[in-house]
Amino acid sequence: MKNIRLDISKAAPFLSEGAVKALEPQIQAAHQSLEDGTCPGNDFLGWLHLPSSITPEFLEEIQATADVLRANCDAIVVAGIGGSYLGARAVIESLGNSFAWLINDKKNPVILFAGNNIGEDYLAELTEYLKDKKFGVINISKSGTTTETALTFRLLKKQCEAQRGKEEAQKVIVAVTDAKRGAARTCADKEGYKSFIIPDNVGGRFSVLTPVGLLPIACAGFDIKALVNGATDMEKVCGQETSFEENPAAQYAAVRNALYAEAGKKIEIMVNYQPKLHFISEWWKQLFGESEGKEHKGIFPASCDFTTDLHSMGQWIQEGERTIFETVISIETPNKHLLFPEDEENLDGLNFLAGKRVDEVNKMAELGTRLAHVDGGVPNLCISVPELNEYYIGQLIYFFEIACGISGNVLGVNPFNQPGVEAYKKNMFALLDKPGYEAESKAIKERLAK
């Protein structure tokens, strides 16, 4: 099997000679601190060798639960937010049919995502859609009290029980939560739900290869064994025994940090030319944004879907402030084959493309854009993925995870905590008069009254 590949040749000219090589000692030390468990946040390193530690028996248990849900549900709602849903959605949407929700061929249940917002219209429309459906729920929450997910699960639990009866609902509601603590664990034990554990040492944004991601992915009908195999092989490729020059994760971490520190590139745009990868970029944004954005440091992670966004963001990228660089995910071979047709009238002037694969046109748009952006002062990295399947998506996931851990350590922050996300929650609870937030509520209301 091939591996995904990283090309940094179109970023190197924006750095001084030897800048990437000069970071090798820091990269190696950062990687070593992960392996030794001496880095900040070392109690959240369970993802580091997770792929190679997953047993066939564990995957069989996940698959067996997925098979029960698949056999008994027209639709499965994955209730979770942030890392509790983005990884699963990224994999499912990158591998699935773009129009699966319209085709609805009954071979697979419809996978829906909720608990990631507090939109009343969204939830009302979801519950309306589910009224005549045999649906199940995968409730993913370590605490069971995350507002968005807890609110959604309460609605769905009651609706599922009302429509299917409590005994049947018990079979089609699964909890992915803490081993011993929290509201979701208490509920699962009380109701007798099948449950899986979110490991204490794996943070949400690194959890796609735990039951958090594996169970929804298996429910969607995809091969979780191949996904894990891809991640396991990339774990070896990005291991410490691999030289700095041959280690794609080490190279990616080094180039990012060099562009940030030396060239003043503060924004990284993750670009794809394959619409199915939209949520891979969304998952990547959380992974790097939540890991590195601390202590007034960190590259801002953004994303664009090309060529679509070239018609909205292309001008700014080409000629705007030169604080950006691009990382392109390029799919070498699409799964479908479609030729551009000849037209006798040729009113659109496109007969010069007749007989070419649509992907060839896309690839030339990709290459032409990369060259134009480099000429416009935008450093460009490229990650080549042989094809879109479970194995290579597994590789891509682990590549980004290990690169993120290394890069965050080089930056000098704790890549595995997220203290900043608590600020909005405290204000929200105070404004909603949650018990225990009386002092905060009074202070905020006085502030708003001024």
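Please refer to the structure placed before this passage.
Conventions and cut-offs
- Residues numbered from 1 in each chain as written.
- Predicted model: local features only at pLDDT ≥ 70, side-chain atom pairs only at ≥ 80, totals over all residues.
- Heavy atoms only, no water.
- Phe/Tyr/Trp six-rings, centres within 6.5 Å; stacked < 30°, edge-to-face > 60°.
- Helix = DSSP H or I, 4+ residues; strand = E, 2+ residues; numbered from the N terminus.
- Buried < 20%, exposed > 50% of the residue type's maximum accessible area, 1.4 Å probe, protein only.
- Lys NZ or Arg CZ within 6 Å of the ring centre and 35° of its normal.
- Core = buried A, V, L, I, M, F, W, Y, C linked by side-chain atoms within 4.5 Å.
- Contact = heavy atoms within 4.5 Å.
- Pairing = 2+ DSSP bridges.
- Axes fitted to C-alpha atoms, helices over the stretch in contact; angles between N-to-C directions.

**Details of the packing of aromatic side chains**
Applying the stated criterion across every chain yields a total of 15 aromatic pairs. Centre to centre, the rings of Trp47 and Tyr398 are 6.5 Å apart; their planes meet at 50°, and the pair counts as tilted. Linking Trp47 in the loop between helix H2 (24-36) and helix H3 (50-53) with Tyr398 in helix H17 (residues 390-411), this pair joins segments that are 351 residues apart in sequence. The exposure classification of Trp47 matches that of Tyr398, with both residues buried. Relative to Phe416, the ring of Trp47 has its centre 6.0 Å away and its plane inclined at 45°; by these criteria the two rings are tilted. Of the two residues, Trp47 sits in the loop between H2 and H3 while Phe416 sits in the loop between H17 and helix H18 (422-431), which places them 369 residues apart along the sequence. Look at Trp47 and you get buried, because its relative accessible area is 0%. Note that Lys194 overlies the ring of Phe196, its terminal NZ or CZ placed 5.0 Å from the centroid.

**Remarks on the nonpolar core**
Judged by nonpolar contacts, the single largest core of 116 residues is most densely connected at Trp47 and Phe400. Excluding residues that lie within four positions of it along the chain, Trp47 makes contacts with Leu34, Asn201, Val202, Phe206, Tyr398, Glu401, Ile402, Gly405 and Phe416. Residues Ile269, Val271, Tyr273 and Ala302 belong to the second largest nonpolar core, which totals 10 residues.

**As for the sheet that holds strand S1 (residues 5-10)**
Hydrogen bonding along the main chain pairs the strands of a sheet, whether they run parallel or antiparallel. Strand order in the open sheet made by the 5 strands is S1-S10-S9-S7-S8, with mixed pairing throughout. The open sheet terminates on both sides in strands that have one partner only, identified here as S1 and strand S8 (300-305). Geometrically, the sheet is characterised by an average inter-axis angle of 25° between neighbouring strands, direction not taken into account. With 4 bridges connecting them, S1 and strand S10 (residues 380-387) associate as antiparallel partners. By the bridge assignment for S10, Asp7 is matched with Cys382. Contacts between helix H14 (residues 278-292) and the sheet are confined to strand S7 (267-272), S8 and strand S9 (324-333), with S8 contributing the most and set at about 175° to the helix.

Worth remembering: the numbers are spatial, not functional.
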